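In case you want the letters, here they are:
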Amino acid sequence: MATFGLVDCNNFYVSCERVFQPRLADRPVVVLSNNDGCVVARSQEARALGIAMGTPFFKVRGVIERHDVAVLSSNYALYSDLSERVISILAAAAPDHEVYSIDECFLDLARRAVPDLNAWCRDLRTQIQRWTGIPVSVGVGSTKTLAKLASKIAKAAPEADGVFDLTRDDAKGIVARLRETPVGDVWGVGGRSSKMLVERGVHTALDLRDAPDGWVRQRMGVVGLRTVQELRGVACYDLESQPAPKQATCCSRTFGKAVTDKGQVRDAIIAFAERAAEKIRHAGQVCGAIQVSIATDRFDANAAQYKTAASTTFMTPTADSRAIVAASLRILESLWRDGFAYRGGGVLLLDLSPAENVARSLFDYGLDYGAAGEDQLMKAIDRINGRFGRGAVGLGLATANAQWRMSQKHLSPRFTTRWRDIPKARIEGGSAQGVL
DNA sequence: TCTGGGGTCCTAGGACCC
DNA sequence: TCTGGGGTCCTAGGACCC
């Protein structure tokens, strides 16, 4: 029988901030999305105040001020770096693992000859806490869906103390746990399905597990049926240790302010195109097509609305910023309409394939920036930006005080990835004191 | 009035995940 | 005043093929 472990970092973004800012311990903390728009992470204390995930910041501003909640902008440089540290510990402990997201990792525990799985999970948890400062929960189950469920129990049930193993429960015990789990808490059951299920009397994970196959297939498709099978202990999803190469890569942003100036929108699209191109080069890929989109503020009832996108294909697949930026600007030209206040845009690179497989086009020898890997200029640009920071060199002229740049009023330092932000420790009176 | 059966590819939209 | 970003897979419908 398969045994999956799920290691899940608790309140990950908040925990990352707390590692380097002890003043944030034991008090309510929230982390905001890009542009300081929505709450995307909350500490336990903030959760207790009723601040829901994904709430627009302005809607909870009152609660935040009343309870002196610490507010932070997202600092992805910090979160990615700490995530890599946690993953490296897990990789050493369980060679068969799947990095599922920035703060979650599945482990294949069936092939680990561990005499006492519970003790092993507890040791792993302690090690991660000590080495990185990040608290984690560990769930164990016979399918990925059950392991996810177990990790929720590990977090919520005080007696679990951070580790919960559903494979140790007998059938009766599992039934009891499923009965206590609201159907919307099941992995794969989102808001829409949850509403539909509750309206039809399916309230708990147990109700869903015992629903007839035909009914589930009709209401929730094959994906829903897989979820039900997984709840029954029939594994439909394997551990995927090699992540499949991406099919598409995108860079999109909501602008800090609505923008009516075409030059500003051009600058934004250039920046998005460059960033997307850099991402696929990093992945060793080239793209066969590109899509550009721009839109007005959908929340502004008084503004004239316009939302549009268009795409084009490359004769030869490419990862060259010059080709990608040029194409994005041609598309923008075709999309642009004067008189609207634009609030966001993006560049999507599609039809991705490995750079080494590029077949040159017969008509392509004029402009020699198709074949990736040969291009020394792109390599040089990536090296310089890798060393001196993103945006050190690039195409186009960045406008000072660009309105489209996102607002990040509460950004913490890049404690681990930028030399001048690294915390200093100094010795005073024989004891080390962090300067933070 | 009657009107096969099987396939592919593409696209847009929906649902879900974190 | 103030509402994220980056992905995946599935489904249905249309165009087209033999």
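Numbering of residues starts from 1 in each chain and follows the order in which that chain's sequence is written. Each chain takes a letter, starting from A, and each ligand takes a number, starting from 1, following the order in which they are written. Per-residue local features of the predicted model are confined to residues with pLDDT of at least 70, and side-chain atom pairs are confined, for both listing and counting, to 80 or more; whole-chain, interface and lining totals are unaffected and use all residues. The side-chain quantities take in all heavy atoms of the structure and omit both hydrogens and water.

Here's the deal with the pairing of strand β3 (residues 39-42)
To keep it simple, the criterion reads: Strand pairing is defined by DSSP finding a minimum of two bridges between the two strands. Secondary structure follows DSSP: runs of H or I at least 4 residues long count as helices, runs of E at least 2 residues long count as strands, and numbering of each begins at the N terminus.
The pairing of strand β2 (residues 29-32) with β3 spans 3 bridges and is classified as antiparallel. Pairing of V30 across the sheet is with R42, part of β3. Connecting β2 to the antiparallel partner β3 that follows it, the hairpin turn spans 6 residues, and N35 within it adopts a positive phi of roughly 70 degrees.

Topic: the protein's contact with DNA strand B
Short version of the rule: Here a residue is considered near a molecule or strand provided that any single heavy atom belonging to it is located within 4 Å of it. Nitrogen and oxygen atoms within 3.5 Å of one another constitute a polar contact, given that in protein one can donate a hydrogen and the other can accept it, and given that sequence-neighbouring residues count only through two side-chain atoms.
Near DNA strand B there are 13 residues, and of these D103, K148, G188, R192 and S193 occur at the shortest range. Backbone atoms, meaning sugar and phosphate, make up 100% of the atoms of DNA strand B lying within 4 Å of the protein. Within the contact set of DNA strand B, a phosphate oxygen lies 3.1 Å away from a backbone nitrogen or oxygen of G190. Backbone polar atom of R192 to a phosphate oxygen of DNA strand B: 3.0 Å apart, as the coordinates give it. Only β5 (97-101) and α8 (191-199) provide two or more residues apiece to the surface near DNA strand B.

What about the sheet that holds strand β1 (residues 4-9)?
Heads up, the condition is: Fitted lines through C-alpha atoms give the axes, limited to the stretch in contact for helices. The angle between two N-to-C directions lies from 0 to 180 degrees.
Spatial strand order, β5-β6-β1-β7-β8: 5 strands in an open sheet with mixed pairing. Across the chains shown, the open sheet's two edge strands, defined by having one partner strand only, are β5 and β8 (163-165). The mean inter-strand angle of the sheet, taken between neighbouring strand axes irrespective of direction, is 15 degrees.

As for the packing of helix α4 (residues 76-93) against helix α5 (residues 117-132)
Quick note on the threshold: We call a crossing left-handed when the near helix sits turned anticlockwise from the far one by less than a right angle, and right-handed when that turn is clockwise. Should any heavy atoms of two residues lie within 4.5 Å, those residues are counted as being in contact. The classification used treats Ala, Val, Leu, Ile, Met, Phe, Trp, Tyr, Cys and Pro as nonpolar, Asp, Glu, Lys and Arg as charged, and all other residues, Gly among them, as polar.
Running from N to C, α4 and α5 point in directions that differ by 145 degrees, and their axes come no closer than 10 Å. When you trace α4 past α5, the crossing you get is right-handed. Contacts between α4 and α5 involve R85, V86, I89, L90 and A93 from the first element and W120, L124, Q127, I128, W131 and T132 from the second. Of the residues that constitute the contact of α4 with α5, the class distribution is 8 nonpolar, 2 polar and 1 charged.

A short note on the protein's contact with DNA strand C
Looking at DNA strand C, there are 24 residues lining it, with Q247, C250, S252, T254 and R343 nearest. Backbone atoms, meaning sugar and phosphate, form 74% of the atoms of DNA strand C found within 4 Å of the protein. Here a phosphate oxygen of DNA strand C and a side-chain polar atom of R343 are 2.5 Å apart. For the surface near DNA strand C, the elements supplying multiple residues, two or more each, are α3 (57-66), α10 (213-231) and β9 (249-259). In terms of residue count, β9 provides more of the surface near DNA strand C than any other element does, 6 residues in total.

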